[in-house]
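# Chain and residue survey
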Amino acid sequence: MRGKWDEALEHFNAVAAQDHEFSQSEVWREIGAVQAAASRDQDARAALEHYAERRPYDPEGLYYFGATLAKLGETQRAREILDQCVEAEKTNPYYRHGQMRKWRKLAEKQLRSLRE
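First, a word on scope: everything that follows refers to the structure included in this document. Numbers given to residues run from 1 along each chain, matching the order in which its sequence is written. With pLDDT at 70 or above as the cut-off, local features in this predicted model cover only qualifying residues; side-chain atom pairs require 80 or more to be listed or tallied, and sums for whole chains, interfaces and linings still use all residues. For the side-chain quantities, the full set of heavy atoms in the structure was used; hydrogens and water were omitted.

## Some words on the overall build of the chain
Starting at the N terminus, helices and strands are each numbered in turn, a helix being any DSSP run of H or I of at least four residues and a strand any DSSP run of E of at least two. Each helix and strand in the chain was counted, giving six helices and zero strands. N-terminal to C-terminal, the α/β element order of the chain is α-α-α-α-α-α. Of the contacts made within the chain by residues no fewer than 6 positions apart, 50% connect residues no fewer than 24 positions apart. In these tables, accessible area is a Shrake-Rupley quantity obtained with a 1.4 Å probe, and a residue counts as shielded only by the protein chains included in the view. Summed over its atoms, the accessible surface of the chain is roughly 6700 Å², and 48% of this surface lies on carbon and sulfur atoms. The contact criterion used is simple: two residues touch if any of their non-hydrogen atoms lie within 4.5 Å.

Written as structure tokens, this is what we have:
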């Protein structure tokens, strides 16, 4: 499986090297998500933090960032980012709620586990 993560990262990194802001910087969210899935949490944190600075209203990126922070033991910061994820989804335009609701629900579940 590790080879698949590395292959995906090669593609995403090639895109990021050509254009840091490709597709509204979403390439950084994807790099972070792949790094997190491959349990490369510090690398995931760096990519997702970079993405969240550029797109602080994207529930998907905020969820990945908050979940990664939680895995790294940065509980307080994880709570802040996951709360931000919930708020970002709530303030999305109505037509986007169906697509983004998943990330709010995952963030709320993660927040409950962090508060227990």
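## A look at a positive patch on the surface
What makes a patch is a set of residues exposed beyond 30% relative accessible area and free of salt bridges, joined within 9 Å when like-charged and within 5 Å when nonpolar (Val, Leu, Ile, Met, Phe, Trp, Tyr). For salt bridges, the criterion is a side-chain nitrogen of Lys or Arg within 4 Å of an Asp or Glu carboxyl oxygen. The charged-residue count follows a simple rule in which Lys and Arg add positive charge and Asp and Glu add negative charge, with His and chain termini not counted at all. Every charge is mapped to an atom, namely NZ of Lys, CZ of Arg, CG of Asp or CD of Glu. A contiguous patch of positive charge on the surface is contributed by Arg101, Lys105, Lys109 and Arg112. By the secondary structure assignment, Arg101 is in helix α6 (residues 97-115).

## Thoughts on unusual backbone geometry
With the exception of glycine, the majority of residues adopt a negative phi angle, and the majority of peptide bonds are in the trans configuration. Positioned with a positive phi, Ser39 is a non-glycine residue whose angle comes to about 60°. Under the relative-accessibility criterion, Ser39 is labelled exposed at 55%. Using a 1.4 Å probe on the protein chains alone, a residue whose accessible area is under 20% of its type maximum counts as buried, one over 50% counts as exposed, and one in between counts as partly exposed.

## Let's talk about the nonpolar core
The definition of a nonpolar core used throughout is a set of buried Ala, Val, Leu, Ile, Met, Phe, Trp, Tyr and Cys residues joined through side-chain atoms within 4.5 Å. Formed by 21 residues in total, the largest nonpolar core has its most connected members in Leu62, Tyr63, Phe65, Leu82, Cys85 and Ala107. Elements with a contribution of two residues or more to this core: α3 (41-54), α4 (59-71), α5 (75-90) and α6. If you look at the next biggest cluster of nonpolar residues, it comprises five residues, including Val27, Ile31, Ala47 and Tyr51.

## Focus: the packing of aromatic side chains
Classification of ring pairs uses Phe, Tyr and Trp, with its six-membered ring standing for Trp, and accepts pairs whose centres are within 6.5 Å; under 30 degrees between planes counts as stacked, over 60 as edge-to-face, and the remaining range as tilted. By the definition in use, this model includes three aromatic pairs. Ring geometry for Tyr63 and Trp103: centres 5.8 Å apart, planes at 40°, overall tilted. Here Trp103 lies in helix α6 and Tyr63 lies in helix α4, a separation of 40 residues in the sequence. Residue class for Tyr63 comes out buried when judged on its relative accessible area of 13%. Site record: aromatic cluster; members linked through ring pairs are Tyr63, Tyr64 and Trp103.

## Considerations on the packing of α3 against α4
It is the contact of α3 with α4, at a shortest axis distance of 9 Å, that shows an interaxial angle of 145°. Of the two elements, α3 crosses α4, and the hand of that crossing is left-handed. Every residue of α4 that contacts α3 at Asp41, Ala44, Arg45, Leu48, Glu49, Tyr51 and Ala52 is listed here: Gly61, Leu62, Tyr64, Phe65, Thr68, Leu69 and Lys71. For this scheme, ten residues count as nonpolar: Ala, Val, Leu, Ile, Met, Phe, Trp, Tyr, Cys and Pro. Four count as charged, namely Asp, Glu, Lys and Arg, and the remainder, Gly too, count as polar. By residue class, the composition of the contact of α3 with α4 is eight nonpolar, two polar and four charged. Orientation is described by axes fitted as lines to C-alpha atoms, over the contacting stretch for helices, and by angles from 0 to 180 degrees between their N-to-C directions. Left-handed describes a crossing whose near helix is turned anticlockwise from the far helix through less than a right angle; right-handed describes the clockwise counterpart.

## Overview of the side chain of Asn92
Within the element layout of this structure, Asn92 appears in the loop between α5 and α6. Judged by relative accessible area, Asn92 falls into the buried class, the value being 14%. Setting aside anything within four residues of it in sequence, one finds Asn92 in contact with Pro59, His97 and Met100.

Fair warning: the whole summary comes from geometry, so function is off the table for now.
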